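# Descriptive structure summary
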Amino acid sequence: MTHRRSLSSSTGRLALLVPLIVAHLLTAPLWAGVSDGSATPGAASAELSFADAVDLTDLGRVAVHYEGRVKSFDSFARTIMQRVSGPHRIDDQSPAFTYLDMAITPQAYVDRDVIFVKMKLMRGQIIRALESGGMVRAPDFSRRMDEFLETGLISEEFLLRPEVLDLLEGLRADLLRSARFVEMIDAAAGYKNPGVLHDHLRIVPPWEGSAEDRWLSMQELVAAHGNPAVTAFPADRRQAITDTWERMRAAWVDRDAEGVNTASRELAPLLRAVTPALYPSESRLDWESRYFRYHSMTWVWIFYLLSIVPLLVAIVYRWKGAGRLGIALFGLAFALHTVALLWRTYVADRWPNSNMFEAVTTAAWFGGVMALPLEYWVRKTGMRYLFLLGSAAASMVGLMAAHFLPIALTANIGNKMPVLHDVWLFIHTNVIIASYCSIFMAAISATLYLIHRAFGGRAEYVRVGGAGAVMAGGSGRGNGGLGQVCDGVTMVLMELSFVMLWAGIVMGAIWADHSWGRPWGWDPKEVFALNTFLIFALLVHVRIRTHDKGLWTALLAVVGAGVMLVNWIVINFKISGLHSYA
């Protein structure tokens with residue numbers, strides 16, 4: 001066999017990854033005789049009809065033990081396929097179908113455009129490398145490269161070309177800009193390996209085992225090879241499971257959808273009956289599958305957007321009918337958002353604040369938690385509708401980010417990191433993300449104030465500062481203009497942010513001292529959280545000293561929100577530190 005060059009360097013962690021994939025595909029007897037279903041248009045049509053006819057509903061509710069957590073097969077397959085193909089679905093197939101198809105008929109995917117290249121600049125570089133290597137004369141090259149530039153999906157065959165390997169090797173050396181993206185390509189190719197796919201598919205609970213015991217893959221159960229965990233199985237149980245699996249696999253190879261459906265329906269209860277005490281309830285697995293089929297309910301951003309329009313109309317034109325409509329739409333959006341949060345809490349078996357997706361969506365929800373009581377308090381004042389407007393805008397932006405950036409903000413559910421199992425850190429995290437949402441809400445009302453001033457509005461500000469204005473009954477529109485009202489709302493939110501951010505930093509320091517023996521470590525995120533707090537401290541003092549209090553308050557509120565966003569976006573995704581997970 002001719003050996004192919006690796007995507008990784010000889011010193012890289014994945015140096016032998018691609019050659020092993022190719023060697024496995026070409027030599028593994030398990031896959032011998034499987035045809036490439038993508039060879040002709042007719043075959044492609046047959047593939048689509050087979051995919052449509054296969055019903056994996058029962059198998060989707062089977063439990064898989066992966067990365068220390070038991071999750072539904074639907075959820076697990078979505079996690080793995082996202083690591084291979086990014087946010088895209090292959091031929092509009094479900095992730096569960098594509099996962100099994102890649103594992104059982106891998107040769108059909110050797111020259112399929114399924115590996116995701118995230119960095120757009122790198123896509124152009126790969127295309128130019130292929131053109132320099134003479135691939136421009138290959139059939140459909142121009143069309144496939146146009147699609148690659150748009151979607152980021154490319155075939156393994158293209159990535160294994162010598163000119164592409166040379167390019168990626170050079171890009172790997174750029175640790176700051178491109179090395180991470182090359183490693184993502186390596187990882188995608190690794191997950192696509194059928195051996196890896198089968199090994200990760202740990203759907204067999206340990207016989208009479210405990211929650212700490214390792215689950216088995218079907219490959220292990222079939223092969224046995226003296227594995228004590230396999231030999232512990234009663235022969236009849238093991239035979240029933242492996243026979244059903246082999247029937248399903250054989251039917252899959254033959255493209256017999258009815259045979260696949262029958263075998264998968266029989267396999268699911270056999271697996272649940274192995275060790276019932278370890279198996280999650282079918283209801284929980286079903287709800288987890290449904291949660292991802294509904295796209296984690298990130299589409300709720302649409303309802304927040306719909307509420308913003310009538311709320312703005314009610315603020316500017318003092319139209320009570322528009323205000324009532326805005327409140328109703330906001331209430332609907334917040335109710336759906338609450339359902340999504342509680343739904344995720346149920347399937348994850350923990351409060352959702354352990355990764356960036358959860359931090360963003362939960363922070364957006366905290367905005368509504370703060371806005372609703374504040375709105376009730378100021379319902380008879382000129383401040384009415386402004387808290388809801390700020391919360392709607394913050395929640396809309398947060399959920400839009402989660403919806404349209406599924407790779408950066410992956411919704412996959414994992415275990416909470418061991419370092420996070422501390423009550424102080426639990427409180428610290430929730431207080432900090434709530435303060436971040438309050439900061440963003442303050443920037444909304446501050447932006448309205450700046451727009452008001454830009455269009456000739458008076459240089460006015462609320463006479464009773466911030467929270468005091470709420471306690472005193474707020475600024476009525478009869479006694480002050482829009483600028484005074486916006487300034488009052490900004491001050492309320494800024495004071496809340498100031499207090500919560502300070503409390504969050506202090507509680508984080510208590511946790512750090514408890515866990516690491518020191519309260520402060522000058523971690524990048526600690527530094528930028530402190531910077532945000534100092535900007536708010538500056539705002540308080542500037543407001544006391546400056547003449548144009550409203551303008552400077554609004555400007556510093558917007559700057560503070562900008563520093564907060566840098567802290568959350570740049571520090572999390574670009575700079576490594578102890579807080580990179582949050």
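Every value quoted in this text rests on a predicted model; they were computed, and no experiment measured them.

Criteria and thresholds
Residues numbered from 1 in each chain as written. Predicted model: local features only at pLDDT ≥ 70, side-chain atom pairs only at ≥ 80, totals over all residues. Heavy atoms only, no water. Helix = DSSP H or I, 4+ residues; strand = E, 2+ residues; numbered from the N terminus. Buried < 20%, exposed > 50% of the residue type's maximum accessible area, 1.4 Å probe, protein only. Contact = heavy atoms within 4.5 Å. Pairing = 2+ DSSP bridges. Phe/Tyr/Trp six-rings, centres within 6.5 Å; stacked < 30°, edge-to-face > 60°. pLDDT = per-residue confidence, 0-100. Patch = residues over 30% accessible without salt bridge, like charges linked within 9 Å, V, L, I, M, F, W, Y side chains within 5 Å. Areas by Shrake-Rupley, 256 points an atom, 1.4 Å probe, with all protein chains shown as cover. Salt bridge = Lys/Arg side-chain N within 4 Å of Asp/Glu carboxyl O. Polar contact = N/O pair within 3.5 Å; in protein donor to acceptor, adjacent residues only side chain to side chain. Expected span 1.5 Å × (residues − 1). Core = buried A, V, L, I, M, F, W, Y, C linked by side-chain atoms within 4.5 Å. Axes fitted to C-alpha atoms, helices over the stretch in contact; angles between N-to-C directions. Parallel < 35°, antiparallel > 145°, perpendicular 65-115°, else oblique. Nonpolar A, V, L, I, M, F, W, Y, C, P; charged D, E, K, R; others polar. Left-handed = near helix turned anticlockwise from the far one by under 90°.

## Some words on the overall build of the protein chain
If you tally the helices and strands in the protein chain, you get 25 helices and 4 strands. Taken across its 582 residues, the protein chain has 53% of its residues classed as buried. Pairs at least 24 residues apart make up 73% of the contacts formed inside the protein chain by residues separated by at least 6 positions.

## Things to note about the pairing of strand β2 (residues 69-72)
Alignment of strand β1 (residues 63-66) against β2, held across 4 bridges, turns out to be antiparallel. When the sheet's bridge partners are listed, Ala63 is paired in β2 with Ser72. Remark: 2 residues form the turn of the hairpin made by β1 and β2, two consecutive strands paired antiparallel; Glu67 in that turn has positive phi of roughly 55°.

## Some points on the packing of aromatic side chains
Scanning the entire structure with this criterion turns up 24 aromatic pairs. Judged by centre distance (5.4 Å) and plane angle (85°), the ring pair of Phe50 and Trp252 falls under edge-to-face. With a gap of 202 residues between them, Phe50 in helix α2 (residues 41-53) and Trp252 in helix α14 (residues 235-253) connect regions that are remote in the sequence. Taken as a pair, Phe50 and Trp252 share a single burial class, namely buried.

## Let's talk about the confidence of the model for the protein chain
Confidence in the prediction for the protein chain averages 85 pLDDT; 86% of positions are at 70 or higher. Note on residues 474-479: pLDDT is under 50 here. Beyond four places in sequence and across chains, it has 16 contacts.

## Details of unusual backbone geometry
In this structure, His295 is a non-glycine residue whose phi angle is positive, near 55°. You can see His295 is positioned in the loop between α16 (282-293) and α17 (301-317).

## What to know about the environment of Phe303
Examined against the element boundaries, Phe303 turns out to sit in helix α17. Given the relative accessible area of 24%, Phe303 is considered partly exposed. Note: C-alpha distance between Phe303 and Phe330 (27 residues apart in sequence) is 7.1 Å. In this structure, Phe303 is in contact with Leu329, Leu332, Ala333 and Leu336, ignoring residues within four places of it in sequence.

## Comments concerning a nonpolar patch on the surface
Taken together, the side chains of Val423, Trp424, Phe426, Ile427, Trp502, Val506 and Ile510 define a hydrophobic patch exposed on the protein surface, amounting to about 600 Å² of accessible area. Among the elements that make up the nonpolar patch, the one with the highest residue count is helix α21 (residues 423-454) (4 residues). One can find Trp424 in helix α21.

## Some remarks on the side chain of Glu288
Here Glu288 lies in helix α16. Side-chain polar atoms of Glu288 contact the side chain of Arg69, separated by 3.1 Å. With sequence-adjacent residues up to four places away left out, Glu288 is seen in contact with Arg69, Lys71, Ser72, Ser75 and Val347.

## Section: helix α24 (residues 524-545)
The first and last C-alpha atoms of α24 sit 31 Å apart over 22 residues, in line with the 32 Å expected at 1.5 Å per residue. Of all the positions in α24, only Lys525, Glu526, Ala529, Thr532, Phe533, Ile535, Phe536, Ala537, Leu539 and Arg543 are classed as buried.

## Considering the nonpolar core
Within the largest apolar cluster, 81 residues are counted, with the highest numbers of intra-cluster contacts made by Tyr304, Phe387, Tyr436 and Trp568. It is α21 that provides the largest number of residues to this core, a total of 13 residues.

## Points about the pattern of salt bridges
Evaluated as defined, the whole model comprises 30 salt bridges. Close ionic contact of Asp58 with Arg61 constitutes a salt bridge, the shortest N to O distance being 3.7 Å. By relative accessible area, Arg61 is classed as buried at 16%. In this structure, Arg202 engages Glu220 in a salt bridge whose closest nitrogen and oxygen atoms are separated by 3.0 Å. With Arg202 in the loop between α11 (194-200) and α12 (218-223) and Glu220 in helix α12, the pair connects residues that are 18 residues apart, well separated along the chain. Each member of the pair, Arg202 together with Glu220, is buried. Because the salt bridges share partners, they merge into one network encompassing Asp58, Arg61, Arg272, Glu282, Asp286 and Arg290.

## Some thoughts on the side chain of Thr490
Among the secondary structure elements, Thr490 is positioned in helix α23 (residues 482-516). Note on Thr490: relative accessible area 1%, which makes it buried. A polar contact of 3.3 Å, which involves the side chain of Thr490, links it to the backbone nitrogen of Ala446.

## What about helix α9 (residues 162-172)?
Of the positions making up α9, those classed as buried are Glu163, Val164, Leu165, Leu168, Leu171 and Arg172. Tucked into the core, α9 has its buried residues touching α6 (120-132), α8 (156-159) and α10 (179-192).

## Things to note about the packing of helix α5 (residues 95-104) against α14
The axes of two packed helices give the description: the angle between them and the distance between them. Relative orientation of the contacting elements α5 and α14 amounts to 85°, with a least axis distance of 10 Å. Here α5 lies roughly perpendicular to α14, going by the angle between them. Packed against α5, whose contacting residues are Phe97, Leu100, Asp101 and Ile104, the element α14 presents Trp245, Arg249, Trp252 and Val253 at the interface. Counted by class, the contact of α5 with α14 contains 6 nonpolar, no polar and 2 charged residues.

## A few points about the packing of α6 against helix α7 (residues 141-151)
The N-to-C vectors of α6 and α7 enclose an angle of 165°; their axes lie 9 Å apart at closest approach. Classed by the angle they form, the pair α6 and α7 counts as roughly antiparallel. Read as a crossing pair, α6 and α7 show a hand that is right-handed. In this structure, α6 contributes Arg123, Gly124, Ile126, Ile127, Leu130 and Glu131 to the contact, and α7 contributes Phe141, Met145, Phe148, Leu149, Glu150 and Thr151. Partitioning the contact of α6 with α7 into residue classes produces 7 nonpolar, 2 polar and 3 charged.

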